[in-house]
Amino acid sequence: MNQQRRSIPPDLIRIFSILTSSMKHKSDGTQPKRIAILGATGSIGTQALEIISANRHAYDIRGLSAHSNWKKLASIANDFKPDWLILSDASNKQSFEDALNYKPKQIDYGPEALKLMAADSSLNLILNALVGFAGFSSTYEALKSGNSVALANKESLVVGGEILTSIPGFHDRLIPVDSEHSAMWQCLVGEEMDSVEKIVITASGGPFRDFSRDMMKSITVKDALNHPNWDMGNKITIDSSTMMNKGLEIIEAHWLFGIDIDLIEPVIHPQSIIHSIIEFKDGSSKAQLGPPDMKVPIIYALSYPQRHPLNVPRLDYTKRMNLSFEPVDFIKFPCVQIAIQAVKEGGIKPAVMNAANEVAVQRFLNEEIRYIDIPVLIEKTLNKFNQKTVGSPDVLFDVDIETRKFANTLLR
Ligand code: NAD
Ligand code: MG
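If you're wondering where the values come from, they're calculated on a predicted model, not measured in any experiment. (Residues numbered from 1 in each chain as written. Chains lettered and ligands numbered in written order. Predicted model: local features only at pLDDT ≥ 70, side-chain atom pairs only at ≥ 80, totals over all residues. Heavy atoms only, no water.)

K.L.:
Report on the site of ligand 1, specifying residues and quantitative values.
P.N.:
Ligand 1 sits among 23 residues. The nearest are Thr41, Ser43, His67, Glu155 and Gly233. One of the side-chain N or O atoms of threonine 41 is found 2.7 Å from an oxygen atom in ligand 1. Between an oxygen atom of ligand 1 and a main-chain N or O atom of serine 43, the distance comes to 2.9 Å. Taken together, the elements giving at least two residues each to the shell around ligand 1 come down to α3 (43–53) and α8 (154–165). Counted by class, the shell around ligand 1 contains twelve nonpolar, eight polar and three charged residues. (Near = heavy atom within 4 Å. Polar contact = N/O pair within 3.5 Å; in protein donor to acceptor, adjacent residues only side chain to side chain. Helix = DSSP H or I, 4+ residues; strand = E, 2+ residues; numbered from the N terminus. Nonpolar A, V, L, I, M, F, W, Y, C, P; charged D, E, K, R; others polar.)

Take a look at the structure:
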């Protein structure tokens, strides 16, 4: 038996396991999908659990993770009773275990456990709802092991797009959760990428769309956390206000669909009803629209390739409705082009840009730097680190650590 095994080349075994696990994801829908949610206590995680709560027959929650919010994780776990729980910040082990009303088969502490859960071959789907570069390893391990990923953690692709897209099966097994990318994905069903002329990615413009540059100087944390259309975690809310979020999403679309970065056009659409548009070479365009509710793209990623019913408000087309578009003001929102430039330069630059942005956002939230310092800090950091190729995830981890160290010394 061992002899026979040894005669099969390891690459073939890996390809076979990837193929069978991608077939696993495309199940006929008669069995509940076995899901792990990484970042279950966050905005995306919570909304996913609400959807699953209303569709318990279709989903089987096998694993949940949170970082430090042990009370919320215990409360969710007591409801869904998954076998496996992870608290990636291990500070409150005892209180957490005392708060559970059942005995899970496995409880792990610390960030390494996330990789094991992501790679667990008994799962059909990993929802990666972690925030920041902390989510990269889980996307990487899940894809490497042949698992399918519903990806909310856009930073995974921003930092490690080159590495992730080189994993066999990437395009079949990575389903976007981000609303714009879900829109693009839905518009592209049944289409060839060769037929696409460009992608129009919409942006609400955030709370400061109509601010003058002078008004931008006095923006407070409270102002920036007040998004007009979406209720999200703090990091993405700040990213949306600086429009770095659109920059990150342009990079995300570039890797997800293998499209040239210059063929992705950001446009302001303040109503957030059209979530993105695909323009084809024959002059025809497809758009996906709906009310601004993250549950719609989340359920699509969870139920794909099927569609499950969802009780969210519908658009009423019989009422007068204004759908408007305007160009992005790249001077007022420099982060969009900072992100585009980073991906054009390639190598480690997107990783540097992402880490600098994470530091800048956190330091703004801590009231250590001003709002208008965010792009300044990112640019200064980008100038410090020179380009080299990214051969492996280890390079990304080193770059992330070094960039954070440096970005934390700036503007003191
Ligand atoms: P959030 O801050 O609300 O939740 C983040 C989750 O990750 C929490 O469960 C937290 O415990 C966990 N976490 C935080 N830091 C961690 C760390 N260092 N290690 C391990 N776990 C950690 O964030 P969110 O708004 O739900 O966003 C999650 C991801 O989805 C982000 O990448 C964001 O850009 C993307 N996204 C969010 C929305 C939205 O509406 N919230 C929309 C589109 C995309
Ligand atoms: Mg988005």
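K.L.:
Requested: an account of the packing of aromatic side chains, with residues and values cited.
P.N.:
Going through the model one piece at a time under the given rule, you end up with ten aromatic pairs. Note on phenylalanine 136 and tyrosine 140: the rings are 5.8 Å apart at their centroids and 20° apart in plane angle, and the pair reads as stacked. One end of the pair, phenylalanine 136, and the other, tyrosine 140, are both in helix α7 (residues 136–145), four residues apart, so they sit about a helical turn from each other. Considered together, phenylalanine 136 and tyrosine 140 belong to a single accessibility category, that of buried residues. (Phe/Tyr/Trp six-rings, centres within 6.5 Å; stacked < 30°, edge-to-face > 60°. Buried < 20%, exposed > 50% of the residue type's maximum accessible area, 1.4 Å probe, protein only.)

K.L.:
Could you give an account of unusual backbone geometry, naming the residues involved and the relevant values?
P.N.:
The omega torsion across tyrosine 304 and proline 305 is 10°, close enough to zero to call that bond cis. Locating proline 305 in the fold gives a position in the loop between α15 (295–303) and α16 (335–345). In this model, glutamate 367 sits at a positive phi of 60°, which is unusual for a non-glycine residue. Within the secondary structure, glutamate 367 sits in the loop between α17 (349–365) and α18 (373–384). Assessed through its relative accessible area of 64%, glutamate 367 is described here as exposed.

K.L.:
I'd like a rundown of helix α4 (residues 70–80), residues and numbers included.
P.N.:
Those residues of α4 not exposed but buried are Trp70, Leu73, Ala74, Ile76, Ala77, Asn78 and Phe80. Residues of α4 that are buried sit in contact with α3, β2 (59–66), β3 (84–87) and α5 (93–98). Lysine 81, located one to two residues past α4, shows a positive phi value of around 45°. (Contact = heavy atoms within 4.5 Å.)

K.L.:
Before we move on, could you go through the environment of proline 82 and cite the residues and values that matter?
P.N.:
Within the secondary structure, proline 82 is located in the loop between α4 and β3. For the pair proline 82 and serine 138, spaced 56 residues apart in sequence, the C-alpha separation works out to 19 Å. Sequence-distant contacts of proline 82, defined by excluding residues within four places in its chain, comprise Ile61, Arg62, Gly63, Leu64, Ala77, Tyr102 and Pro104.

K.L.:
Can you tell me about helix α19 (residues 393–407), naming the residues and giving the values?
P.N.:
Between its first and last C-alpha, α19 extends 21 Å over 15 residues, near the 21 Å set by a 1.5 Å rise per residue. Within the span of α19, buried status applies to Pro393, Val395, Leu396, Val399, Asp400, Thr403 and Ala407. An end-on view of α19 places all buried positions within 140° of arc, on one side of the element. Taken together, the buried residues of α19 touch α7, α8, α17 and α18. (Expected span 1.5 Å × (residues − 1). Arc of directions from axis to C-beta.)

K.L.:
Help me get a handle on the side chain of arginine 363, residues and values and all.
P.N.:
By the secondary structure assignment, arginine 363 is in helix α17. Judged by relative accessible area, arginine 363 falls into the buried class, the value being 2%. Side-chain polar atoms of arginine 363 contact the backbone oxygen of alanine 407, separated by 2.9 Å. At 2.9 Å, the side chain of arginine 363 and the backbone oxygen of leucine 410 are in polar contact. Leaving out residues up to four positions away in the same chain, arginine 363 has contacts with Glu368, Ile369, Leu377, Ala407, Asn408, Thr409, Leu410, Leu411 and Arg412.

K.L.:
I'd like a description of empty space enclosed by the protein, backed by residues and values.
P.N.:
Scanning all chains against the criterion turns up one cavity of 30 Å³ or more. In this structure, the largest cavity spans a volume of roughly 60 Å³. The wall of the largest cavity is formed by Ser179, Ser182, Gln186, Trp230, His275, Gln288, Gly290, Pro291, Asp293, Val296 and Pro297. For the lining of the largest cavity, the secondary-structure elements that each account for two or more residues are α10 (179–187) and α15. Partitioning the lining of the largest cavity into residue classes produces four nonpolar, six polar and one charged. (1 Å grid on protein atoms, 1.4 Å probe; cavity = no way out; pocket = protein on both sides within 12 Å on 5 of 7 lines; lining within 4 Å. Points joined across faces, edges and corners; volume = space filled by probe spheres on them.)

K.L.:
So what's going on with the sheet that holds strand β10 (residues 274–280)? Residues and values would help.
P.N.:
Ordered by their spatial adjacency, four strands build an open sheet running β9-β8-β10-β11, and the pairing between neighbours is mixed. With partners counted over all chains shown, the strands left at the sheet margins are β9 (264–268) and β11 (285–289), one partner each. Here the average twist between neighbouring strands, direction ignored, is 20°. The sheet contact formed by strand β8 (residues 196–203) and β10 spans four bridges and is antiparallel. Counted as the bridge partner of isoleucine 199 is isoleucine 278 from β10. (Pairing = 2+ DSSP bridges. Axes fitted to C-alpha atoms, helices over the stretch in contact; angles between N-to-C directions.)

K.L.:
An account of the packing of α3 against α4 is needed here, citing residue identities and associated values.
P.N.:
At their nearest, the axes of α3 and α4 sit 12 Å apart, and the two run at 15° to each other. Between α3 and α4, the angle falls in the class roughly parallel. Crossing hand, α3 versus α4: left-handed. Residues Thr46, Leu49, Ile52 and Ser53 of α3 touch α4, and the partners they reach there are Lys72, Ile76 and Phe80. Its residues assigned to classes, the contact of α3 with α4 comprises four nonpolar, two polar and one charged. (Parallel < 35°, antiparallel > 145°, perpendicular 65-115°, else oblique. Left-handed = near helix turned anticlockwise from the far one by under 90°.)

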